[in-house]
Amino acid sequence: MTSDAGASRQSAAEVVVTATHCSEEAARVLLEVLERAFPASSAEGVAREPGPHGRTTVWCTTVDTADPPVTTEPMGLDGTVEVGLQGGPRAVDRVVAALTDAFVVEDRGTVAGDQEKEIDLLIRAG
């Protein structure tokens, strides 16, 4: 039996991550870092949205941050990736911390509310 409090905790731990304006290889590196940092999320899957000429322009996944992130090593990245994060404030902060371990992270803007935080980042190799 699950309670409403348990359901709220679960949804508050999830962060929707989008990656845009990057190569497919850069998106794969980003997703690999997230899978290593949050192993419980590896089964969540990735949605790809095709753009013009059949090229993918947006990669999207949901990360479960119920557990603190596992520290990851800095990763190589060909170029930059625009990353959008949306979720509970604590959960989003955990994803930012994981990305900061692996990349140089530039905050491009944050919108915070009582229950949700949305942040735009630009990441590149460190």
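Caption draft 1: Region of interest: the overall build of the protein. When you go through the protein residue by residue, the secondary structure sums to 3 helices and 6 strands. In sequence order, the protein lays out its α and β elements as α-β-α-β-β-β-α-β-β. Counting across all 126 residues of the protein, residues that qualify as buried make up 35%. In the protein, once contacts between residues fewer than 6 apart in sequence are set aside, the share between residues at least 24 apart is 72%.

Caption draft 2: Looking closely at the nonpolar core. By size, the foremost hydrophobic cluster in this structure holds 30 residues, and its most contacted members are Leu30, Val81, Val83, Leu85, Val95, Leu99 and Phe103. For this core, the secondary-structure elements that each account for two or more residues are β1 (14-20), α2 (24-37), β3 (56-64), β4 (80-87), α3 (89-102) and β6 (117-124). Filtering out sequence-adjacent residues up to four positions away, leucine 99 remains in contact with Leu30, Leu34, Val83, Val105 and Leu121.

Caption draft 3: Just unusual backbone geometry, in detail. We note that histidine 21 has phi near 50 degrees; this positive angle belongs to a residue other than glycine. Here histidine 21 lies in the loop between β1 and α2.

Caption draft 4: Geometry of the pattern of salt bridges. Across all of its chains, the model carries 5 salt bridges by this definition. The salt bridge involving glutamate 106 is made with arginine 108; its shortest N-O contact spans 3.9 Å. With its nearest N and O atoms 3.8 Å apart, the salt bridge here joins arginine 124 to glutamate 106. On the criterion of sequence distance, the pair formed by arginine 124 in strand β6 and glutamate 106 in strand β5 (residues 104-112) is long-range, its members being 18 residues apart. Because the salt bridges share partners, they merge into one network encompassing Glu106, Arg108 and Arg124.

Caption draft 5: Structural detail: the pairing of β5. One ladder, built from 8 bridges, connects β5 with β6; its direction is antiparallel. If you follow valine 105 over to β6, its bridge partner there is isoleucine 123. A loop of 4 residues connects β5 with β6, the two strands running antiparallel in sequence.

Calculation criteria
Residues numbered from 1 in each chain as written. Predicted model: local features only at pLDDT ≥ 70, side-chain atom pairs only at ≥ 80, totals over all residues. Heavy atoms only, no water. Helix = DSSP H or I, 4+ residues; strand = E, 2+ residues; numbered from the N terminus. Buried < 20%, exposed > 50% of the residue type's maximum accessible area, 1.4 Å probe, protein only. Contact = heavy atoms within 4.5 Å. Core = buried A, V, L, I, M, F, W, Y, C linked by side-chain atoms within 4.5 Å. Salt bridge = Lys/Arg side-chain N within 4 Å of Asp/Glu carboxyl O. Pairing = 2+ DSSP bridges.

All quantities given are derived from atomic positions and should not be read as evidence of function.
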